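Chain by chain, the residues:
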Amino acid sequence: VTSAWSDGKRKGYDTLQWLDSNLDFTKYKLELYGRPSMGSRFKNVIVRKPVTSEELAVELRESFDIFLTPSRLEPCSNSVVEALASGLPVVYQRGSGHDELVMNGGLGFDVKEELPDILDRIVDSYTSFQGNISVTTIEKVAEAYS
């Protein structure tokens, strides 16, 4: 699952378009929570209407296994924090604040062509990645930066 409210360059929309054409949809399902107009551009990605954070948290826990965030130069993604707090390993675009949030609870990618292999690696070691998820308190974050 992924979420995006913009099709801007830094939000990774090009990555989602690439996945729509190249991901093995007999093996994986990719759902996007975002603006309804984005759905007309996808053949295989399922676009869901926007929901509240509370509704998304329930959906994440009950319906999905992996969270994908293809956004670039993202300082601190609320979606990534919500996914981790819901127990989902995260696949993320390197070069953002994602590294610090995800740590060993997922894997980063540099180019979109890496994604099929990275998804396979997460699936093959799913329990390990899920067990490595660490959601820290705001107090510990403040302490680390003071």
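Worth saying up front: this structure is predicted, and the values here are computed from it rather than measured.

A. Broad picture of the nonpolar core. Membership of the largest hydrophobic core comes to 22 residues, with the highest contact counts inside it found for Leu 19, Leu 30, Leu 68, Val 91 and Ile 122. Counting only elements with at least two residues in this core, the list comes to helix H1 (13–22), strand E6 (106–109), helix H5 (115–124) and helix H6 (126–131). Excluding residues that lie within four positions of it along the chain, Leu 30 makes contacts with Val 1, Thr 2, Leu 16, Leu 19, Leu 23, Phe 25, Asn 44, Val 45, Ile 46 and Leu 68. Formed by 14 residues, the second largest nonpolar core is a distinct cluster that contains Leu 60, Ala 83, Val 90 and Tyr 92.

B. Up close: the packing of aromatic side chains. Evaluated as defined, the whole model comprises two aromatic pairs. Between Tyr 13 and Phe 42, the aromatic rings sit 5.5 Å apart at their centres with planes inclined by 50°, giving tilted as the arrangement. With Tyr 13 in helix H1 and Phe 42 in the loop between strand E2 (31–34) and strand E3 (46–48), the pair connects residues that are 29 residues apart, well separated along the chain. Plain terms: the ring middles of Tyr 33 and Phe 64 are 6.2 Å apart, the flat faces sit at 85° to each other, and that makes the pair edge-to-face. Separated by 31 residues along the polypeptide, Tyr 33 in strand E2 and Phe 64 in the loop between helix H2 (53–63) and strand E4 (67–69) bring together distant segments of the chain. Note on Tyr 33: relative accessible area 4%, which makes it buried.

C. Structural view of the sheet that holds E3. Within the open sheet, the three strands sit side by side as E1-E2-E3. Their pairing is parallel. The sheet is open, and its two borders are formed by strand E1 (2–4) and E3, each paired with just one other strand. Sheet twist, expressed as the average angle between the axes of neighbouring strands with direction ignored, equals 30°. Pairing of E2 with E3 involves three bridges; the strand directions are parallel. Within the sheet, the bridge partner assigned to Leu 32 lies in E3 and is Val 47.

D. Looking closely at the pattern of salt bridges. Considering all chains together, one arrives at seven salt bridges under this definition. Residue Lys 27 is joined to Asp 120 by a salt bridge in which the shortest nitrogen-to-oxygen separation is 2.8 Å. Placement of the pair is Lys 27 in the loop between H1 and E2 and Asp 120 in helix H5, with a sequence separation of 93 residues. By sharing partners, the salt bridges in this structure join Asp 14, Arg 72 and Lys 112 into a single network.

E. Inspection of a negative patch on the surface at higher detail. Residues Glu 54, Glu 55, Glu 59 and Glu 62 make up a contiguous surface patch of negative charge. Its place among the elements puts Glu 55 in helix H2.

F. Broad picture of the layout of surface pockets. If you add up the space inside the largest pocket, you get close to 420 Å³. Considering the residues around the largest pocket, the lining is formed by 17 residues, among which Glu 100, Leu 101, Met 103, Thr 136 and Val 141 are closest to the centre. Of all the secondary-structure elements, those providing two or more residues to the lining of the largest pocket are helix H3 (78–85), helix H4 (98–102) and helix H7 (138–144). With four residues, H7 is the largest single contributor of residues to the lining of the largest pocket. Looking at side-chain class alone, the lining of the largest pocket contains 11 nonpolar, four polar and two charged residues.

Rules used in this analysis
- Residues numbered from 1 in each chain as written.
- Predicted model: local features only at pLDDT ≥ 70, side-chain atom pairs only at ≥ 80, totals over all residues.
- Heavy atoms only, no water.
- Core = buried A, V, L, I, M, F, W, Y, C linked by side-chain atoms within 4.5 Å.
- Buried < 20%, exposed > 50% of the residue type's maximum accessible area, 1.4 Å probe, protein only.
- Helix = DSSP H or I, 4+ residues; strand = E, 2+ residues; numbered from the N terminus.
- Contact = heavy atoms within 4.5 Å.
- Phe/Tyr/Trp six-rings, centres within 6.5 Å; stacked < 30°, edge-to-face > 60°.
- Pairing = 2+ DSSP bridges.
- Axes fitted to C-alpha atoms, helices over the stretch in contact; angles between N-to-C directions.
- Salt bridge = Lys/Arg side-chain N within 4 Å of Asp/Glu carboxyl O.
- Patch = residues over 30% accessible without salt bridge, like charges linked within 9 Å, V, L, I, M, F, W, Y side chains within 5 Å.
- Areas by Shrake-Rupley, 256 points an atom, 1.4 Å probe, with all protein chains shown as cover.
- Lys, Arg positive; Asp, Glu negative; His and termini not counted.
- Charge placed at Lys NZ, Arg CZ, Asp CG, Glu CD.
- 1 Å grid on protein atoms, 1.4 Å probe; cavity = no way out; pocket = protein on both sides within 12 Å on 5 of 7 lines; lining within 4 Å.
- Points joined across faces, edges and corners; volume = space filled by probe spheres on them.
- Nonpolar A, V, L, I, M, F, W, Y, C, P; charged D, E, K, R; others polar.

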